[in-house]
Amino acid sequence: MTEHGEVLAGRFKLVAPLGEGGMGTVWRAEHVELGTEVAVKLMSKGVADSDSALSRFKREAKAAATLASSHVVQIFDYGVHEGSPYIAMELLEGESLADRLELRRTIAPELLARVLTHVGRAINKAHKAGILHRDLKPD
C-alpha cells in the first residue's frame, strides 16, 4: 500500500493523494533532489500484474511524453517502484471542470467554448501523433 511520505524510486516523495481511479492513484509529490512539485500517477499493484494493463500504462507514458503542447500535460519520468509502475508529470493547479460543474451546476458559454477549444487542440495534437485518447473526463 502506498502512503504519505513514501519515496518512489529514490526520486519522488508522496505528499498527498489527488485522486483515484480504476488503474491506480494520482499523488501530489515532490522531487527529492530538485524540490519541485509533480503529480505522480501510480498503478495499483493488482492491476500491474496484468500484462495488458502494464503494457497500456507504459504506452500511455511513452505516447504522452512525445507530445509537446501547452494543452497537454508534460511527462517527466516513468519507472517501476516495488512492482508498481508510475508516471511523474507536470502538476496542474486549479479547478477541474468536474469540480466547477459540481459547485456551480453551469458554465458560461464563453468559458465552455474556451475549454472545449483547448481540449480539441490537445486531442488534435495527439491524433496527429497517431495517439487515440480513450479516457476523456471532466476531472
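Structure's up top.
Please read these numbers as outputs of a predicted model, since none were measured by experiment.

A.B. asks: Explanation requested: the overall build of the protein chain in the structure shown.
C.D. replies: Along the backbone of the protein chain there are four helices and six strands. The N-to-C order of helical and strand elements in the protein chain reads β-β-β-β-α-α-β-β-α-α. Radius of gyration (C-alpha) of the protein chain: 16 Å, near the 14 Å computed for a compact globule of 139 residues. Taken along its principal axes, the extent of the C-alpha atoms in the protein chain is 45 × 35 × 30 Å.

A.B. asks: Quick question: what am I supposed to make of the side chain of serine 96 here?
C.D. replies: Mapping serine 96 onto the fold places it in the loop between strand 6 (84-89) and helix 3 (97-104). In terms of polar contacts, serine 96 uses its side chain to reach the backbone amide nitrogen of aspartate 99, at 3.0 Å. Residues in contact with serine 96, not counting those within four places in the same chain, are Pro138 and Asp139.

A.B. asks: Got a minute to help me understand the sheet that holds strand 6 in this structure?
C.D. replies: Pairing between the strands of a sheet comes from backbone hydrogen bonds, and it takes one of two forms, parallel or antiparallel. Pairing is antiparallel across the open sheet formed by six strands, whose spatial order is 1-2-3-4-6-5. What marks the edges here is a single partner per strand, and that holds for strand 1 (7-8) and strand 5 (75-81). Inspection of the sheet shows strand 1 paired to strand 2 (residues 12-20) by two bridges, in the antiparallel sense. If you follow valine 7 over to strand 2, its bridge partner there is lysine 13.

A.B. asks: How should the pattern of salt bridges be read in this particular structure?
C.D. replies: Opposite charge on two side chains allows them to pair when their charged atoms are near. Tallied over the full model, the rule gives four salt bridges. Notably, a salt bridge pairs arginine 28 with glutamate 37, separated by 3.2 Å at the nearest N-O pair. Note that arginine 28 and glutamate 93 form a salt bridge whose closest N and O atoms lie 3.1 Å from each other. Of this pair, arginine 28 sits in strand 3 (residues 24-31) while glutamate 93 is found in the loop between strand 6 and helix 3, placing the two residues 65 residues apart along the sequence. Residue class for glutamate 93 comes out exposed when judged on its relative accessible area of 56%. Overlapping salt bridges bring together Arg28, Glu37 and Glu93 as one network.

A.B. asks: Please explain the pairing of strand 6 as it appears in this structure.
C.D. replies: Side chains on a regular strand alternate between the two faces of the sheet. Buried residues dominate strand 6, accounting for six of its six residues. Judged by which residues are buried, strand 6 turns out to be covered on both faces: Ser84, Tyr86 and Ala88 on one side and Pro85, Ile87 and Met89 on the other are all buried. When strand 4 (residues 37-43) meets strand 6, the two strands line up antiparallel, connected through four bridges. Considered in strand 6, the bridge of lysine 41 is made with isoleucine 87. Pairing between strand 5 and strand 6: six bridges, direction antiparallel. What sits directly across from tyrosine 78, in strand 6, is isoleucine 87. Taken together, strand 5 and the strand that follows it, strand 6, pair antiparallel across an intervening segment of two residues, in which glutamate 82 is found at a positive phi of about 50°.

A.B. asks: How should I be thinking about the pairing of strand 2 in this particular structure?
C.D. replies: The turn joining strand 1 and strand 2, which pair antiparallel and follow one another in sequence, is formed by three residues; a positive phi near 50° is taken by alanine 9. As paired elements, strand 2 and strand 3 share seven bridges and run antiparallel to each other. Within strand 3, the position partnered with lysine 13 by the bridge is glutamate 30. Two successive antiparallel strands, strand 2 and strand 3, enclose a turn made up of three residues.

Rules used in this analysis
Residues numbered from 1 in each chain as written. Predicted model: local features only at pLDDT ≥ 70, side-chain atom pairs only at ≥ 80, totals over all residues. Heavy atoms only, no water. Helix = DSSP H or I, 4+ residues; strand = E, 2+ residues; numbered from the N terminus. Rg over C-alpha atoms; globule rule 2.2 N^0.38 Å. Polar contact = N/O pair within 3.5 Å; in protein donor to acceptor, adjacent residues only side chain to side chain. Contact = heavy atoms within 4.5 Å. Pairing = 2+ DSSP bridges. Salt bridge = Lys/Arg side-chain N within 4 Å of Asp/Glu carboxyl O. Buried < 20%, exposed > 50% of the residue type's maximum accessible area, 1.4 Å probe, protein only.

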